[in-house]
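# A structural walkthrough
The residues making up each chain are set out below.
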Amino acid sequence: MSDHSIKRQPVNPSASRPVVSPLQPSVVYATETPDALDALYEGGARGHTYSREGHPNAATVAAMIDRLEGTTGGVMAASGMGAVSLALLACASAGDHVIGSTQLYGRSLRLMTEELPRLGITTGFFDPTDAASIRAAAIAGTTAILVEVVSNPTLRVADMEAIYAVAAQIGAKVIVDNTFTTPRAYRPLDEGADLVLHSVTKLLAGHSDAMLGWVAAKDPEIAARLDVLAATWGMTAAPFDCWMAERGLLSFDLRFERAQSNARALADALDGAQGVSRVIYPSLPSHPDHNRAGTLLGENAGNMVSFEIIGGRAQANALTKAASAIAFAPTLGDINTTLSHAASSSHRALSEEARADIGITEGFFRVSVGIESAEHLIATFKKAITASQTGID
Ligand SMILES: *Cc1c(COP(=O)(O)O)cnc(C)c1O
């Protein structure tokens, strides 16, 4: 009797190989014998068993980011927030204290203020540009310090030397969210950090079509814990997103170069332009942390530019309307330029006074500069700023 059931058939061996990594969505991996499975679990043989515990597409993209950050054993997570969560869970348990910068990514702040306390982990905050504030926050029992080198959206540059010094004194782990700076501008593990993480969703993957995170630790014990935590808490990444990110990563270097040179050109063009009250870009001499930016980042001031126009919400609405060629969207790191408005998005939960304290007004915009022609970009912004200032009182 013939077998009418539909089965997967092994593919015939081929004399050629694909140049692109295959997308391997297989959830499960078959082995020949229980002994072979033992060898896999015990590390005697290389291979995968179940995709929540790891799969070829995650391994490929993790190794690429490992190389960029100068490390090994990085773990892929389903999102940047997955990576932030893994890093904090790996460094703190009930009874521990974790401190972070007041200017962290919004969800990271929320994780620290709302979620960690539920697990019995207390939290505190410091101004990342103020050494005294960092020292004051680092109380006894602090096991981890979470920081971003360049803050969003005011682009303040953290006093990393003070953070490393305080951490060494109290034996805390420094976790750097390197999403904004990228390993092109700053390699945290070379500078004194213990863990480094990325929202790969942003500049590394670069096309706003993959949601992904990556986290690595210097200490092998913490690195192993990250791996276990990802599988146990179910934070691992899907093969498709890893596969997309691999493609994006191949052009990261080129995209970064171009986006950064565009950002510098845009910052220079808007600085002092009519209708613009302030431009924030680390390489501008007017930047409050200009010297520190030079020391930490060298020439790599990045692809993010913030600016403030004269006026309030009406002028802000007019600007985004007039700049309709540029996506008004709360993200960053895309191959195309995106524009965001902190008062109505990332910082909307804050009171107007609290926003004003960190310099965020209704006229404040953040630009994630992409790889378009610089001339076109500058012309679009200038036209939109002019439009925002006319016809509205
Ligand atoms: C976007 C972002 C995150 C979170 O990443 P997701 O991939 O959106 O979860 C964390 N940190 C920074 C600095 C980010 O910009």
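Overview of the structure. (Residues numbered from 1 in each chain as written. Predicted model: local features only at pLDDT ≥ 70, side-chain atom pairs only at ≥ 80, totals over all residues. Heavy atoms only, no water.)

A few words on the overall build of the chain. What the chain contains, in helices and strands, is 15 helices and twelve strands. Over its C-alpha atoms the chain spans a radius of gyration of 23 Å, differing by no more than 12% from the 21 Å that the globule rule assigns to 393 residues. Expressed as lengths along the three principal axes of its C-alpha atoms, the size of the chain is roughly 85 × 55 × 35 Å. Across the chain, every contact between residues at least 6 apart in sequence was considered, and the portion connecting residues at least 24 apart equals 72%. Surface summary for the chain: the accessible area is close to 18800 Å², and the carbon and sulfur share equals 53%. Positive and negative side-chain charges in the chain, numbering 30 and 41 respectively, have mean positions lying 5 Å apart. (Helix = DSSP H or I, 4+ residues; strand = E, 2+ residues; numbered from the N terminus. Rg over C-alpha atoms; globule rule 2.2 N^0.38 Å. Contact = heavy atoms within 4.5 Å. Areas by Shrake-Rupley, 256 points an atom, 1.4 Å probe, with all protein chains shown as cover. Lys, Arg positive; Asp, Glu negative; His and termini not counted. Charge placed at Lys NZ, Arg CZ, Asp CG, Glu CD.)

What follows deals with the pairing of strand E3 (residues 122–126). Taken together, the five bridges between strand E2 (residues 97–101) and E3 define a ladder with parallel strand orientation. By the bridge assignment, Ser 101 is partnered in E3 with Phe 126. Once the chain exits E2 it traverses helix H4 (residues 106–115) before rejoining the sheet at E3, and the crossover so formed is right-handed. (Pairing = 2+ DSSP bridges. Right-handed = clockwise from strand over helix to strand, strands pointing away.)

Taken together, 13 residues lie around the ligand, and Gly 80, Asp 177, Ser 199, Thr 201 and Lys 202 are the ones closest in. Within the backbone of Gly 80, one N or O atom sits 2.8 Å away from an oxygen atom of the ligand. Residue classes in the shell around the ligand are distributed as five nonpolar, five polar and three charged. (Near = heavy atom within 4 Å. Polar contact = N/O pair within 3.5 Å; in protein donor to acceptor, adjacent residues only side chain to side chain. Nonpolar A, V, L, I, M, F, W, Y, C, P; charged D, E, K, R; others polar.)

Mapped onto the secondary structure, Asn 300 falls in the loop between helix H12 (290–297) and strand E9 (304–309). Of the polar contacts made by the side chain of Asn 300, one reaches the side chain of Gln 260; its length is 2.9 Å. Setting aside anything within four residues of it in sequence, one finds Asn 300 in contact with Arg 184, Ala 185, Phe 256 and Gln 260.

To continue, consider the sheet that holds strand E6 (residues 195–199). Sheets are built from strands paired through backbone hydrogen bonds, the pairs being either parallel or antiparallel. The strand order across the open sheet formed by seven strands is E1-E7-E6-E5-E4-E2-E3, and the pairing between neighbours is mixed. Two strands in the sheet have a free side with no partner beyond their single neighbour: strand E1 (75–77) and E3. Averaged over all adjacent pairs, the angle separating strand axes in this sheet is 20°, with direction ignored. In this structure, E2 lies alongside strand E4 (residues 142–148), joined through four bridges in parallel fashion. When the sheet's bridge partners are listed, Val 98 is paired in E4 with Ala 144. Across the sheet, helix H9 (residues 220–232) is in contact with E1, strand E5 (173–177), E6 and strand E7 (213–217); its angle to E7 comes to roughly 150°. (Axes fitted to C-alpha atoms, helices over the stretch in contact; angles between N-to-C directions.)

Further remarks concern the layout of surface pockets. Roughly 880 Å³ of volume is contained in the largest pocket. Around the largest pocket, the lining is made up of 32 residues, and of these His 48, Glu 53, Gly 54, Ala 59 and Asp 227 lie nearest the centre. Contributions of two or more residues to the lining of the largest pocket are made by helix H1 (34–41), helix H2 (56–69), E1 and H9. Considering every element that reaches the lining of the largest pocket, the biggest residue donor is H9, with six residues. Each residue belonging to the lining of the largest pocket can be placed in one class, and the counts come to 16 nonpolar, eleven polar and five charged. Here the second largest pocket is characterised by a volume of approximately 630 Å³. Ranked by residue count, the leading element in the lining of the second largest pocket is H4, at four residues. Tallied by class, residues from the lining of the second largest pocket come to eleven nonpolar, nine polar and five charged. Counting residues domain by domain, the lining of the second largest pocket receives three or more from each of domain 1 (34–249) and domain 2 (252–388). (1 Å grid on protein atoms, 1.4 Å probe; cavity = no way out; pocket = protein on both sides within 12 Å on 5 of 7 lines; lining within 4 Å. Points joined across faces, edges and corners; volume = space filled by probe spheres on them. Domains from an automatic or database assignment.)

Right, let's talk about the sheet that holds strand E11 (residues 338–340) for a bit. If you trace the five strands from one edge of the open sheet to the other, you get E8-E9-E12-E11-E10, paired in mixed fashion. Both outer strands of the open sheet, strand E8 (276–280) and strand E10 (327–328), are each paired with one neighbouring strand and no more. Where E10 and E11 come together, two bridges link them in parallel fashion. Looking across to E11, one finds that Ala 327 is bridged to Thr 338. Contacts from helix H13 (residues 313–322) reach E9, E10, E11 and strand E12 (364–368) within the one sheet, and its direction differs from that of E9 by about 130°.

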